[in-house]
Amino acid sequence: MNSLKLMGTTALSLMLAVGPAMAQMTEIGAGEGQLSVVAWAGYLERGETVKEFDWVTKFEESTGCKVSVKTANTSDEMVALMNEGGFDLVTASGDASLRLIAGGKVQEINPALVPSWSTIDERLQNAPWHTVDGKHYGVPYMWGPNVLMYNTEVFKEPPTSWNVVFEEMNLPDGQSNKGRVQAYDGPIHIADAAQYLMFHKPELGITSPYELNEDQYKAALDLLRGQRNLVSRYWHDAFIQIDDFKNEGVVASGSWPFQVNLLAADKVPVASVIPQEGATGWADTTMLHSDSKNPNCAYMWFEHQLSSNLQSDLSVWFGAVPSVPAACSDGRGMQTQEGCDANGLKDFDKIRFWTTPVSNCSQGEGACVPYYRWVSDYIGVIGGR
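Rules and cut-offs
Residues numbered from 1 in each chain as written. Predicted model: local features only at pLDDT ≥ 70, side-chain atom pairs only at ≥ 80, totals over all residues. Heavy atoms only, no water. Pairing = 2+ DSSP bridges. Helix = DSSP H or I, 4+ residues; strand = E, 2+ residues; numbered from the N terminus. Axes fitted to C-alpha atoms, helices over the stretch in contact; angles between N-to-C directions. 1 Å grid on protein atoms, 1.4 Å probe; cavity = no way out; pocket = protein on both sides within 12 Å on 5 of 7 lines; lining within 4 Å. Points joined across faces, edges and corners; volume = space filled by probe spheres on them. Salt bridge = Lys/Arg side-chain N within 4 Å of Asp/Glu carboxyl O. Buried < 20%, exposed > 50% of the residue type's maximum accessible area, 1.4 Å probe, protein only. Disulfide = S-S within 2.5 Å.

Asks: Whenever I open this one, the sheet that holds strand β7 (residues 147-151) confuses me. Can you help?
Replies: Working definition: the strands of a sheet are paired by backbone hydrogen bonds and lie parallel or antiparallel to each other. Taken together, the five strands give an open sheet; going across it, the order is β9-β8-β10-β7-β11, and neighbouring strands pair in mixed fashion. Looking at the sheet topology across the chains shown, the edges are occupied by β9 (231-235) and β11 (270-273). Averaged over neighbouring strand pairs, the angle between their axes works out to 25° when direction is ignored. Strand direction decides the pairing type here: strand β8 (residues 181-184) and β9, joined by four bridges, are parallel. Residue A183 lies in a different strand from β9, and its bridge partner there is Y234.

Here it is as structure tokens:
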């Protein structure tokens, strides 16, 4: 499967038909003095968590743009906040970005106003989760896999399958996994179940975890209903998950490298792995709200976020892969080529990046279950229905 294949042109055009056309910025003026960003936890650091990780303070000092950050824990929360308005930028994953474009909540950006655009990984410059009809609706930020985090005292060897969080079993310590695992509190987790079924039930014919017909979708929901009997918590707050691995006996869960790194730095016995079934993942794009009150500061941030030292340090902090490949090896930040390789640099084509499910898919017009049903049905799964 080509992980960049998203949906048919016709389907995407129909989806985007509701979005209004907006004038593209042609020059950057004086900064407005402030910038409001909706971001994933850990994405905009100013040294408050760990002193060495600070890429906001210098930006504020050099531009006069004071940055405020609203942390969002899921893509749905990001979309809701952008719909509500009052923000300038959002670090959106692929399962949110196309919804924001379709809804007219983000505006086309002008790469010519971002001097470092040419340094972005060519695989990301025209990625379909932010590029529509040749128009760019954001600047790539970071990308990486959703990993299986596990307790190394329970698993002396890395688990080889996601079955430890999907199917009831005794773990290597002889105890059941029931009540000791977690699942992600977001409808996009249905894709993780679908990917698991791609490997274990090929007769279902799933070719993309984001393009599911009714039978494939039902199988994924059934798997998740069984998983509900195992999970101790559906997590969406990274720091609550960290506490659960420290204090609540959780020993395995889908997670982000961010949590793995913080726990390991705190000497908690955890590690992570991409099991045999592969992994979903995220490629995040910084997008500009259509009603931004501070577009000049926003464009200044676009350029700042591509600076090699920010990309390098954020890669180390979050356990992600920079959108600027040179940040892995040019020595301007903390990251090294070996570190980028460990974070998944060479796994790009193996990751099935989060995308927005739509009804018109590669299986045919109206053949796939659209995202609004993912939302309502996953709420039902969590609620025991």
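Asks: Would you explain the layout of surface pockets in this entry?
Replies: Estimated volume of the second largest pocket: approximately 230 Å³. Lining the second largest pocket are 13 residues, with L44, E45, E48, V69 and T71 sitting closest to its centre. The leading source of residues in the lining of the second largest pocket is strand β2 (residues 66-72), at three residues.

Asks: What's the story with the pattern of salt bridges in this structure? I'm lost.
Replies: Two side chains of opposite charge can pair, provided their charged atoms sit close to one another. Per the counting criterion, the structure on display carries twelve salt bridges. For D341, the salt bridge identified is with K346, shortest N-O distance 4.0 Å. The exposure class assigned to K346 is exposed, which follows from its relative accessible area of 66%. The partner of K350 in a salt bridge is D347, and the shortest N-O contact between them spans 3.8 Å. Note on K350: relative accessible area 59%, which makes it exposed.

Asks: It is not clear to me how the pairing of strand β6 (residues 139-145) should be interpreted in this structure. Could you clarify?
Replies: Moving residue by residue along a regular strand, the side chains alternate between the two faces of the sheet. Buried residues dominate β6, accounting for seven of its seven residues. Both β6 and strand β12 (residues 279-288) contribute to a ladder of six bridges, which runs antiparallel. Across the sheet, residue G144 finds its bridge partner in β12, namely W282.

Asks: Before we go on, may I ask you to explain the state of the cysteines in this structure?
Replies: What makes a disulfide is a covalent bond joining the sulfur atoms belonging to two cysteines. Across all of its chains, the model carries three disulfides by this definition. The partner cysteine of C328 in its disulfide is C340, sulfur to sulfur 2.1 Å. Judged by the sign of its S-S torsion, about -90°, the bond between C328 and C340 is left-handed. Residue C328 is located in the loop between β13 (321-322) and α13 (337-342), and its partner C340 is located in helix α13; the two are separated by twelve residues in the primary sequence. We classify C340 as buried; its relative accessible area is 0%. Put simply, C361 and C368 are joined by a disulfide, and their sulfur atoms are 2.0 Å apart. Where C361 bonds to C368 through sulfur, the torsion about that S-S bond is close to 70°, and the disulfide is right-handed. On the basis of relative accessibility, which here comes to 10%, the residue C361 falls in the buried class. Using a relative accessible area of 4% as the deciding quantity, one classes C368 as buried.

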